[in-house]
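Structural overview
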Amino acid sequence: MIEIKDLTKKFQDFTAVDHLNLTIQTGEFFGLLGPNGAGKTTTISMMSTVLLPTSGQILIDGRPLTRSASEQKRKLSVITQEYSMRQDMTMDEVMEYQGRLYYMPRKLIRQKTEELLSFTGLLDFRKRTVRHLSGGMKRKLMICRALMIDPEILLLDEPTAGMDALSRRQMWNLLRKLNNHNMTIILTTHYMEEAQSLCDRVALMEKGRLDKVDTPANLISELGAYAVDETSSGQMLQSRYFHNRAEAIAWLAERGEDASFRSTTLEDVFVERMGHHLEKK
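Bear in mind the structure is a predicted one, so any value in this text is a computation, not a measurement.

**A few points about helix H8 (residues 216-223)**
- Taken residue by residue, H8 has Pro-216, Leu-219 and Ile-220 as its buried positions. Angularly, the buried residues of H8 cover 95 degrees about the axis, an arc narrow enough to put them on a single face.
- Phi turns positive, to about 130 degrees, at Gly-224, one or two residues after H8.

**Looking at the layout of surface pockets**
- For the largest pocket, the calculated volume is near 450 Å³.
- What lines the largest pocket is a set of 19 residues, among which Ser-48, Leu-76, Ser-77, Val-78 and Tyr-102 lie closest to the centre.
- At the level of secondary structure, the elements contributing two or more residues to the lining of the largest pocket comprise strand S6 (76-79) and helix H5 (135-147).
- Examining the composition of the lining of the largest pocket, we find that four residues originate from one element, S6, more than from any other.
- In terms of residue class, the lining of the largest pocket is made up of ten nonpolar, six polar and three charged.

**A few points about the domain arrangement of the protein chain**
- Taken domain by domain, the protein chain consists of domain 1 (2-215) and domain 2 (219-275).
- Centre-to-centre separation of domain 1 and domain 2, based on C-alpha positions: 34 Å.
- Between domain 1 and domain 2, the residue contacts involve 14 residues of the former and ten residues of the latter.
- Area buried by domain 1 at its contact with domain 2 is led by Met-192, Gln-196 and Leu-204, which between them contribute 47% of it.
- Counting across the domain 1 and domain 2 interface gives two salt bridges.
- With its nearest N and O atoms 3.3 Å apart, the salt bridge here joins Lys-212 to Glu-222.
- Of all the secondary structure elements, the ones that give two or more residues to the side of domain 1 that touches domain 2 are helix H7 (192-198), strand S9 (201-206) and strand S10 (209-214).
- If you tally residues by element for the side of domain 1 that touches domain 2, the top one is S9, at four residues.
- Split into classes, the residues belonging to the side of domain 1 that touches domain 2 amount to seven nonpolar, three polar and four charged.

**A few points about the pairing of strand S7 (residues 153-157)**
- Of all five residues in S7, five are buried, a share of seventy percent or more.
- On S7, burial covers both faces: Ile-153, Leu-155 and Asp-157 on one face and Leu-154 and Leu-156 on the other are all buried.
- Inspection of the sheet shows S7 paired to strand S8 (residues 184-188) by five bridges, in the parallel sense. Pairing of Ile-153 across the sheet is with Thr-184, part of S8.
- Taken together, S7, helix H6 (residues 165-180) and S8 form a β-α-β motif whose crossover is right-handed.

**Quick word on a nonpolar patch on the surface**
- Side chains of Tyr-97, Leu-101 and Tyr-102 sit close together on the surface and give an oily, nonpolar patch of about 300 Å² of accessible area.
- Relative to the helices and strands, Leu-101 resides in helix H3 (residues 91-101).

**Concerning unusual backbone geometry**
- Positive phi, close to 50 degrees, is recorded for His-19, a residue that is not glycine.
- Note on placement: His-19 falls in strand S2 (residues 14-24).
- On the basis of relative accessibility, which here comes to 47%, the residue His-19 falls in the partly exposed class.

**Quick word on the packing of helix H4 (residues 106-119) against H5**
- Two elements in contact, H4 and H5, have axes separated by 10 Å at closest approach and are oriented at 140 degrees. As judged from the angle between their axes, H4 and H5 are oblique. Crossing handedness for the pair H4 and H5: right-handed. Each of Lys-112, Leu-116 and Leu-117 in H4 lies in contact with H5, whose residues at this interface are Leu-141, Cys-144 and Leu-147.
- Within the contact of H4 with H5, the residues separate by chemical class into five nonpolar, no polar and one charged.

**Structural notes on the environment of Ser-55**
- Position of Ser-55 relative to the elements: it lies in strand S4 (residues 55-60).
- The spatial distance from the C-alpha of Ser-55 to the C-alpha of Lys-10 is 8.9 Å, given a sequence separation of 45 residues.
- Setting aside residues no more than four positions away along its own chain, Ser-55 makes contact with Asp-6, Leu-7 and Thr-8.

What counts, and at which threshold
As a convention, each chain's residues are numbered from 1 in the sequence order in which they are written. Local features in this predicted model are restricted to residues whose pLDDT is 70 or higher, and side-chain atom pairs enter the listing and the counts only when it is 80 or higher, whereas totals over whole chains, interfaces and linings include all residues. Side-chain descriptors were evaluated using all non-hydrogen atoms of the structure, hydrogens and water having been removed beforehand. A 1.4 Å probe rolled over the protein chains alone gives each residue an accessible area, and that area as a share of the maximum for its type sets the label: buried under 20%, exposed over 50%, partly exposed in between. Segments assigned H or I by DSSP are reported as helices when at least four residues long, segments assigned E as strands when at least two residues long, and all are numbered from the N terminus. Along the arc lie the directions from the helix axis toward the C-beta atoms. Residues are said to line a cavity or pocket when one of their atoms sits within 4 Å of a point; the points come from a 1 Å grid over protein atoms alone, cavities being sets where a 1.4 Å probe fits but cannot get out and pockets being open sets with protein on both sides within 12 Å along at least five of seven lines. Grid points are joined across faces, edges and corners, and a volume is the space filled by probe spheres set on the points. Side-chain classes are defined by residue name, with Ala, Val, Leu, Ile, Met, Phe, Trp, Tyr, Cys and Pro counting as nonpolar, Asp, Glu, Lys and Arg as charged, and the others, Gly among them, as polar. In this entry, domain limits derive from an automatic or database-based domain assignment. Only heavy atoms enter the contact rule, under which two residues are in contact if any of them lie within 4.5 Å. The term buried area denotes the loss of accessible surface (1.4 Å probe radius) that occurs when two parts are joined, taken as the sum for both partners. When a carboxyl oxygen of Asp or Glu lies within 4 Å of a side-chain nitrogen of Lys or Arg, that pair is called a salt bridge. Here a strand pair is declared whenever DSSP counts at least two bridges between the two strands. With the strands pointing away from the viewer, any crossover whose connection runs clockwise from the first strand over the helix to the second is right-handed. Residues with no salt bridge and a relative accessible area higher than 30% make up the patches, which join like charges within 9 Å and nonpolar side chains (Val, Leu, Ile, Met, Phe, Trp, Tyr) within 5 Å. In this description, accessible areas are obtained by the Shrake-Rupley approach with a 1.4 Å probe, and a residue is regarded as covered only by the protein chains that are shown. Lines fitted to the C-alpha atoms define the axes, with helices restricted to the stretch that makes contact. Angles between their N-to-C directions range from 0 to 180 degrees. Note that the term roughly parallel is reserved for angles under 35 degrees, roughly antiparallel for angles over 145, roughly perpendicular for angles of 65 to 115, and oblique for everything else. Here a crossing is taken to be left-handed if its near helix is turned anticlockwise relative to the far helix by less than a right angle, and right-handed if that turn runs clockwise.

Rendered as structure tokens:
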């Protein structure tokens, strides 16, 4: 279990994360969502100990996570937004280098490399250098590298950024397989469809503060499970949400040809909550 208690990060007079409190259960797929500047990446950076908190703490299974807590740190692997692999290395070389960093025996490195490249569907491309891999393959290789030490917790910062739709879906399937092995996964993403599909719960953040924590289904239900979209004369799309399907259809029947009926999504929840916050300012 991960406990985040009053976690705060300040950069001089700017507060990037402001007294964040969260509890993430073992084996949970948890999403950190928010607009740019919400504090998602800063939170991930503190969880990976790349950044140190200004105040507050992170506990893993009741023990504080610090840079010197090697046992706690070994439970974590992080995958950043940026590709961080040498372009002239093959997949085998990337994996071997990672294993040596953790003083793994060569036999174990070879065994884990075989298992992980097979698990992610990369085995046939193992001799290809990083510069000749597609974006999706690079992301998968980064996951293989992160899994080399058998982490209990995987931190993912925008893992599908820049991927095409097919590669993104392949990544989703891979992450589901990992989560099914009881791995705790913490994900930041701007793709609300991704969070809705993958996450058991999500935390909505705005300007470093926690706004709401719940399951995607509960957040959608709270807003209203049915939506009617209507394009106004000024070509502005307006959405109205309903808890009752019959009410939504009745409203739709009174609108013109530019109205349509659909199910509400987590993106609607995000837009409504973040939009209202902006309107209040």
